[in-house]
Amino acid sequence: RDLYFRHCTAFPADLGSPKRYIEILDESGLFEPPQINTHYWNWELTKEKYVKLANSWAWVSSLPKEKAKIFLDDLSKLLEMEPENLSLPFKTVLLTTTKRKKK
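Note that the structure is a prediction, hence the values are computed from the model and not measured.

Quick notes on the nonpolar core
Counting 19 residues, the largest nonpolar core has Tyr4, Cys8, Tyr50, Phe71 and Leu75 as its most contacted members. If you list the elements that add at least two residues to this core, you get helix H1 (2-7), helix H3 (47-56), helix H4 (58-61) and helix H5 (65-79). The biggest single contributor to this core is H5, with five residues. In contact with Cys8, not counting residues within four places along its chain, are Trp59, Val60, Leu63 and Phe71.

Dropping the structure here:
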């Protein structure tokens, strides 16, 4: 997380929090309050696949090429201390809602 904050100015401080999406839904006035379902799971992948995955996230892919390369090099160095097969805890948050009925 520190590495992302240091290199990626677009990295969301509230990653994993549905708060900003709930606020957008509420402000629109178009939807009922959402139901929130949170699922925790482990993502099993190699270090190489994790680096490729990280490169696909908007806060990395939006970096200028040289800055992205520096970030990915630093990430690879950090991962050198880890086993080849990673088990990363992930959280998926699902918001479901319905359209608000007109009054």
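Following the structure, the description resumes.
A closer look at the packing of aromatic side chains
All chains considered together, the criterion is met by ten aromatic pairs. Summarising the aromatic geometry, the rings of Tyr4 and Phe11 are spaced 5.1 Å apart at their centres and angled 20° between planes, so their arrangement reads as stacked. Taking relative accessible area as the criterion, Phe11 reaches 8% and is therefore assigned buried. Aromatic pair Phe5 and Phe11: ring centres 5.0 Å apart, planes at 90°, arrangement edge-to-face. On the basis of relative accessibility, which here comes to 39%, the residue Phe5 falls in the partly exposed class. The rings of Tyr4, Phe5, Phe11, Tyr50, Trp57, Trp59 and Phe71 are connected pair by pair, giving a single aromatic cluster.

Thresholds applied
- Residues numbered from 1 in each chain as written.
- Predicted model: local features only at pLDDT ≥ 70, side-chain atom pairs only at ≥ 80, totals over all residues.
- Heavy atoms only, no water.
- Core = buried A, V, L, I, M, F, W, Y, C linked by side-chain atoms within 4.5 Å.
- Buried < 20%, exposed > 50% of the residue type's maximum accessible area, 1.4 Å probe, protein only.
- Helix = DSSP H or I, 4+ residues; strand = E, 2+ residues; numbered from the N terminus.
- Contact = heavy atoms within 4.5 Å.
- Phe/Tyr/Trp six-rings, centres within 6.5 Å; stacked < 30°, edge-to-face > 60°.

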